[in-house]
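Below are the chains, spelled out letter by letter.
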Amino acid sequence: MRYTFLLYTDPADLAHMTEADWAAEKEVYGSYIGALHAAGVFVDTDWLQPVATATTLTLKGGTRQVQDGPFADTKETLGGYFVVDVPDLDAAMTWAEKCPAAKTGKVEIRPTAMGDG
Amino acid sequence: MTDTARAAEHAARDSYGRLLAYLAARTRDIGLAEDALSDAFAKALEVWAREGVPNNPDAWLMTVARNRMTDRQRHVARFHTNDEVPDMPLPETVQSLPDERLELLMVCAHPAIARDLHTPLMLQTVLGIDAGQIARLFMVSPAALTKRLGRAKAKVRDAGIPFAIPGPEALPDRAGAILEAIYAAHTLDWVEPTDSGGEEAIYLADLLVRLLPDFPEVMGLAALIGFGHARRDARVVDGVLVPTGAQDVALWDGSLRAYGDRMLARAFAHHAPGRFQLEAAIQQVHMARADTGETDWAALNQLYHALLRVAPSAGALVAQAVVTGRLHGPAAGLEALDALAPQVGADLQPVWAARANFLSQLNDPRAGPAYDQAIARATDVSLVRFLEQQRRRHLDRI
């Protein structure tokens, strides 16, 4: 089954990070991605620019409405995602636990509706 | 009762959990398996009455349930196309099926399922108790509970919660969650001792002992529930709660007490004491009064010390203070209660009840108001009556 990990962090927690911290962070994620590849479960990942860059658009209600900012204003914001292909939720939870974002924020695990596509 | 009805009921009681676990494990769809199995039981009542009970009722039920599952799945358009009901060989008897109730219990107590649904899910799926009855036991609305259970089963199916026994590093936590859920079923019984909840908790604990034979805490829980249930007839007399130390030991169930002793001895042989073993040991000391005529408060003191190290809780702290009062007198008991106020708060019902009791022993007039406070916070009718009785005795005496 395919699962998407939605990585949520509080930008305030990242505000104090130095360049060296970011380099270390990048390395940590690099080895996590390496582990996902080695296990043959990696499907996809991406990082999102800070929430200040977000634009939200809707046609619901008949008119095109564009909003400056994210759809929901929350303290913890969506910062990136991983897609993995593993047998079940237990396996997905094990990988989510290893995800570096779990230490600094929250990882929401969602099965993908397209299944094994 | 007709043979047909008896055969159907027998099959229901003995086979329900095993058949459901087997059917659900193969599709991860508990709701579908439940619907199919209940259709099969309904059809059995109708067909067996007409044509007689088949030689192999379990295989008959399995066949009908499996066909129902296939029918239903064809009717439901879903994203997954690989969700065909897999081939299931017909069993000779339900006993020849692999027993997958442990896998089902692991699903019911999965960390991805809300904790307060663990016990209701177990009662419904493993024991086949209907949601209305479970709702009464938990004092919640049947409609709301049915809805939440339905959503939980949909999550099991759609989120891919596995019917599997986790690996050695995750197993202790998951077994712990199952124990907590069975313990919750047991504590429900304390609220309403006439309800069947106690029987169900013993059934589940004893089943788990057989499914997880190497976990001493499982045997500890079985012992704890056995001891608790052994006192079911002595616990409330004429609608008034009777504390363990004042119960008529002739009303205790000897065979359940022996079961508790046996389970606890087996658990201790593993030399890995834990919360449930210690709680059971505390009950065992209380029940030894049936042989010795007195309660060994010094032993209880040691056991509570050990319990508080392993699993500190407000209830155990208050119980420890009560033991202190028994060992060293009511003044020492009051001191112990004062000392634990910062940890448990001064307004806890058992703290007021213990305080009232100690004050009363000291003929202190503050006992009356303390009983008022304890009564105002008691939610169980038999406990209220007991406290009112104690208050009356206190007021008559001073």
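Residues numbered from 1 in each chain as written. Chains lettered and ligands numbered in written order. Predicted model: local features only at pLDDT ≥ 70, side-chain atom pairs only at ≥ 80, totals over all residues. Heavy atoms only, no water.

Now for the layout of surface pockets. Residues and elements named next belong to chain A. Approximately 860 Å³ is the volume found for the second largest pocket. As for the second largest pocket, its lining consists of 28 residues, of which Thr9, Leu14, Leu48, Leu78 and Gly79 are closest to the centre. Taken together, the elements giving at least two residues each to the lining of the second largest pocket come down to β1 (2-9), α1 (11-14), α2 (19-38), β5 (77-85) and α4 (101-104). Here the residues of the lining of the second largest pocket sort into 17 nonpolar, 9 polar and 2 charged. (1 Å grid on protein atoms, 1.4 Å probe; cavity = no way out; pocket = protein on both sides within 12 Å on 5 of 7 lines; lining within 4 Å. Points joined across faces, edges and corners; volume = space filled by probe spheres on them. Helix = DSSP H or I, 4+ residues; strand = E, 2+ residues; numbered from the N terminus. Nonpolar A, V, L, I, M, F, W, Y, C, P; charged D, E, K, R; others polar.)

Turning our eyes to something else, we now look at the sheet that holds strand β6 (residues 106-111) of chain A. All names here are of chain A. Spatially, β2-β5-β1-β6 is the arrangement adopted by the 4 strands of the open sheet, whose pairing is antiparallel. Either end of the sheet is taken by a strand with one partner, and the two such strands are β2 (42-47) and β6. Averaged over all neighbouring strand pairs, the angle between strand axes comes to 20°, with direction disregarded. Contacting β1, β2 and β5, α2 crosses the sheet at an angle of about 160° to β2. (Pairing = 2+ DSSP bridges. Axes fitted to C-alpha atoms, helices over the stretch in contact; angles between N-to-C directions. Contact = heavy atoms within 4.5 Å.)

For the rest of this paragraph, the subject is the nonpolar core. Inside soluble globular proteins, nonpolar side chains tend to come together where they are buried. Judged by nonpolar contacts, the single largest core of 147 residues is most densely connected at Phe5 and Phe82 of chain A together with Met122, Ile182 and Leu208 of chain B. In terms of domain composition, this core takes at least three residues from each of domain 1 (3-98) and domain 2 (100-160) of chain B. (Core = buried A, V, L, I, M, F, W, Y, C linked by side-chain atoms within 4.5 Å. Buried < 20%, exposed > 50% of the residue type's maximum accessible area, 1.4 Å probe, protein only. Domains from an automatic or database assignment.)

This part covers the side chain of histidine 118 of chain B. Along the polypeptide, histidine 118 of chain B turns up in helix α5 (residues 115-125). Excluding its chain neighbours within four sequence positions, the residues that come into contact with histidine 118 of chain B are Cys108, Ala109, His110, Ile113, Ala177 and Ala181 of chain B.

Moving on to the pattern of salt bridges. Applying the stated criterion to the full structure yields 24 salt bridges over all chains. Salt-bridge contacts for glutamate 108 of chain A lead to arginine 110 of chain A; the nearest nitrogen and oxygen are separated by 2.6 Å. Overall, glutamate 108 of chain A belongs to the partly exposed group, its relative accessible area being 30%. The shortest N-O distance in the salt bridge between lysine 153 of chain B and glutamate 34 of chain B comes to 2.7 Å. Linking lysine 153 of chain B in helix α7 (residues 142-158) with glutamate 34 of chain B in helix α2 (residues 30-51), this pair joins segments that are 119 residues apart in sequence. Overall, lysine 153 of chain B belongs to the buried group, its relative accessible area being 9%. One network of salt bridges, in which partners are shared, links Asp35, Asp39, Arg68 and Arg72 of chain B. (Salt bridge = Lys/Arg side-chain N within 4 Å of Asp/Glu carboxyl O.)

This brings us to the packing of helix α4 (residues 101-108) of chain B against α5 of chain B. Residue and element names in this part refer to chain B. It is the contact of α4 with α5, at a shortest axis distance of 9 Å, that shows an interaxial angle of 150°. Here α4 is positioned roughly antiparallel relative to α5, judged by the angle of their axes. Crossing angle aside, the handedness with which α4 passes α5 is right-handed. Between α4 and α5, the contacting residues are Leu104, Leu105 and Cys108 on the first element and His118, Leu121, Met122 and Thr125 on the second. Partitioning the contact of α4 with α5 into residue classes produces 5 nonpolar, 2 polar and no charged. (Parallel < 35°, antiparallel > 145°, perpendicular 65-115°, else oblique. Left-handed = near helix turned anticlockwise from the far one by under 90°.)

A separate point is helix α6 (residues 131-138) of chain B. Residues and elements named next belong to chain B. Those residues of α6 that fall on the buried side of the exposure criterion are Ala131, Ile134, Ala135 and Leu137. Taken down its axis, α6 places every buried residue within 160° of arc, on the same side. Its side-chain oxygen at 3.0 Å from the backbone nitrogen of glycine 132, aspartate 130 defines the N-terminal cap of α6. (Arc of directions from axis to C-beta. Polar contact = N/O pair within 3.5 Å; in protein donor to acceptor, adjacent residues only side chain to side chain.)

Two faces make up the sheet, and in a regular strand the side chains alternate between them. Residues and elements named next belong to chain A. Sheet topology places strand β3 (residues 55-58) next to strand β4 (residues 65-68); 4 bridges connect them, and they run antiparallel. By the bridge assignment for β4, threonine 58 is matched with glutamine 65. Linking β3 back to β4 in an antiparallel pair, the connection comprises 6 residues, with glycine 61 at a positive phi of about 90°.

This part covers the environment of glycine 160 of chain B. Position of glycine 160 of chain B relative to the elements: it lies in the loop between α7 and α8 (171-191). With 87 residues separating them along the chain, glycine 160 of chain B and glutamine 73 of chain B place their C-alpha atoms 17 Å apart.

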